[in-house]
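Observations on chain architecture
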Protein chains: 2
Amino acid sequence: MLQFHKLFNKLIHMQYTIETIGTVCSPYKQKFGIARQPGLVPAAEICISLDKRFQADCVRGLETFDYIWVHFIFHGVLGEGWAPLVRPPRLGGKQKKGVFATRSPHRPNHLGLSLLKLERITTDSGVKLWCSGADLLDETPVIDIKPYIPFVEAKPNAAAGFIDGAPPQLDILWHEASGRQHLTEAFASLISQSIAQDPRPAYQNIPERVYVMNVGDCEVKFQIDENRALILSVLPMPV
Amino acid sequence: MLQFHKLFNKLIHMQYTIETIGTVCSPYKQKFGIARQPGLVPAAEICISLDKRFQADCVRGLETFDYIWVHFIFHGVLGEGWAPLVRPPRLGGKQKKGVFATRSPHRPNHLGLSLLKLERITTDSGVKLWCSGADLLDETPVIDIKPYIPFVEAKPNAAAGFIDGAPPQLDILWHEASGRQHLTEAFASLISQSIAQDPRPAYQNIPERVYVMNVGDCEVKFQIDENRALILSVLPMPV
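Because the structure is a prediction, the values reported are computed rather than measured.

This part is about the relation of the copies chain B and chain A. The transformation that overlays chain B on chain A combines an axial shift of 0.0 Å with a rotation of 180°, and the residual RMSD is 0.0 Å. Here the transformation between the copies is reduced to the relation of a two-fold axis. Minimal C-alpha distance to the rotation axis in chain B is attained by Ala154(B), lying at 2.0 Å. Mapped onto chain A, 100% of the interface residues of chain B again fall at the interface, so both copies present the same surface.

Right, here's the structure in full:
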């Protein structure tokens, strides 16, 4: 009877309310062009602004860690639901894997987890965590921050199924009329590193196609042929 | 004006509803005695039973990964709220650190994250994930499962602030009247490895004190003097 009662408890479907603790300010204003994992685009700096409820005390000592776990909500796809099977881009979009065997944003609770390099913390106008190598969309709701603990979480020899290592990067060429000379070095790096990750859907290979990606306040146009990307133009976004 | 509107949006305090995707069955029935990090007690096997909504498709391919991230709710402390500053046991309970600089369960959203070794998956009566090295309380609500990706998440040389490495373990002695001969080797290992982590509050050092810990259906009594623990008895829980 006790056993039955316990079993019954286990089947209860529980709900929890999660509150935003902060918000991301990111140069990525749309999903297309965001690296598929954190760390691949070191130039991608974001700022996490903690809610006013969280003062400097809440992050005391966090600056002594190199990396932080950022828990967030995939807010851009909340309306798109989830599916039991997904087609990871790493497998050319041809094989199906279970949603819990992937990091797909289309998952039951739309929870995301990114390991970001913590560059600095500022507390002069609210608590802000500045991180590099980010793969987060602008205005992403953050729901927790935790320190990275290498002795527990660094498992360099762990089997990683269908994810062997970082994908090969594209060579980047800038067209002479691209307007690169008007960009800061940091912004040009962000664009180069983002496109080097090959943002195309895995099943597309159309060399003549011009892709358009928004980064910061600019619209970037580029083409991809084999393992080379040609950046055609970087222009302020049309108003 | 656009800028102001954006700023205003960022200050909105959002709420999200999270649903349990599964539940933990663990030998740890109470907080006292649970390892403070996953991986420290390899003998601690748990089973995560996914909700009936999630069939075998949802975990297709997950068996090719060695480790999984388990997102869960610290349900045992939901009623205890959170505080901006906590006293990590690793610092002897004497120093205060910001809640986001620790893995304390007393955090705003009570979200937990554990890296567990995935031993096997069974799907004959619902989907069950069997994991070792767990630090999870029985009946913990699980809210997401993700594969561990070493090329992104293994950072063995990352600075880890006040968390240097695994804490020293206690030597374990079994009292001759402890009843060890009646235990399976696996259960005795679970008890030994759990107590070797020194479950005492960091600010306690009372050699004569008898501690009582529940593991599985047993009540374990032990004493700790310097770097040695003496297991006094392992008896079925009083009904």
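After that view of the structure, there is still more to cover.
Note on pairing: side chains with opposite charge can pair once their charged atoms come close. Under the counting rule described, the total for this entry stands at 20 salt bridges over all chains. In this structure, Glu153(A) engages Arg103(B) in a salt bridge whose closest nitrogen and oxygen atoms are separated by 2.5 Å. One end of the pair, Glu153(A), is in helix 2 (residues 150-153); the other, Arg103(B), is in the loop between strand 6 (97-98) and strand 7 (111-122), on a second chain. On the basis of relative accessible area, Glu153(A) is assigned to the buried category, the value being 1%. Put simply, Arg53(B) and Glu19(B) hold a salt bridge, and the shortest N to O gap is 3.5 Å.

Looking now at the side chain of Thr102(A). Along the chain, the position of Thr102(A) falls in the loop between strand 6 (97-98) and strand 7 (111-122). A polar atom in the side chain of Thr102(A) sits 3.1 Å from the backbone nitrogen of Ser104(A). Among residues more than four places away in sequence, those in contact with Thr102(A) are Val86(A), Pro88(A), Lys97(A), Arg107(A), Phe162(A) and Pro147(B).

Now for the interface of chain B and chain A. Every contact between the two is made by 82 residues of chain B and, on the other side, 82 residues of chain A. Summing both sides of the interface, chain B and chain A together bury roughly 7,700 Å²; the carbon and sulfur share of this comes to 63%. Where chain B touches chain A, the interface holds four salt bridges. The tally of links between chain B and chain A comes to 34 residue pairs in polar contact (both at pLDDT 80 or more). Every element with two or more residues in the side of chain B that touches chain A is listed here: helix 1 (2-10), strand 1 (15-19), strand 2 (22-25), strand 4 (67-73), strand 6, strand 7, strand 9 (141-147) and helix 2 (150-153) of chain B.

Rules and cut-offs
- Residues numbered from 1 in each chain as written.
- Chains lettered and ligands numbered in written order.
- Predicted model: local features only at pLDDT ≥ 70, side-chain atom pairs only at ≥ 80, totals over all residues.
- Heavy atoms only, no water.
- Least-squares fit on C-alpha atoms with pLDDT ≥ 70 in both.
- Contact = heavy atoms within 4.5 Å.
- Salt bridge = Lys/Arg side-chain N within 4 Å of Asp/Glu carboxyl O.
- Helix = DSSP H or I, 4+ residues; strand = E, 2+ residues; numbered from the N terminus.
- Buried < 20%, exposed > 50% of the residue type's maximum accessible area, 1.4 Å probe, protein only.
- Polar contact = N/O pair within 3.5 Å; in protein donor to acceptor, adjacent residues only side chain to side chain.
- Buried area = accessible area lost by both parts, 1.4 Å probe.

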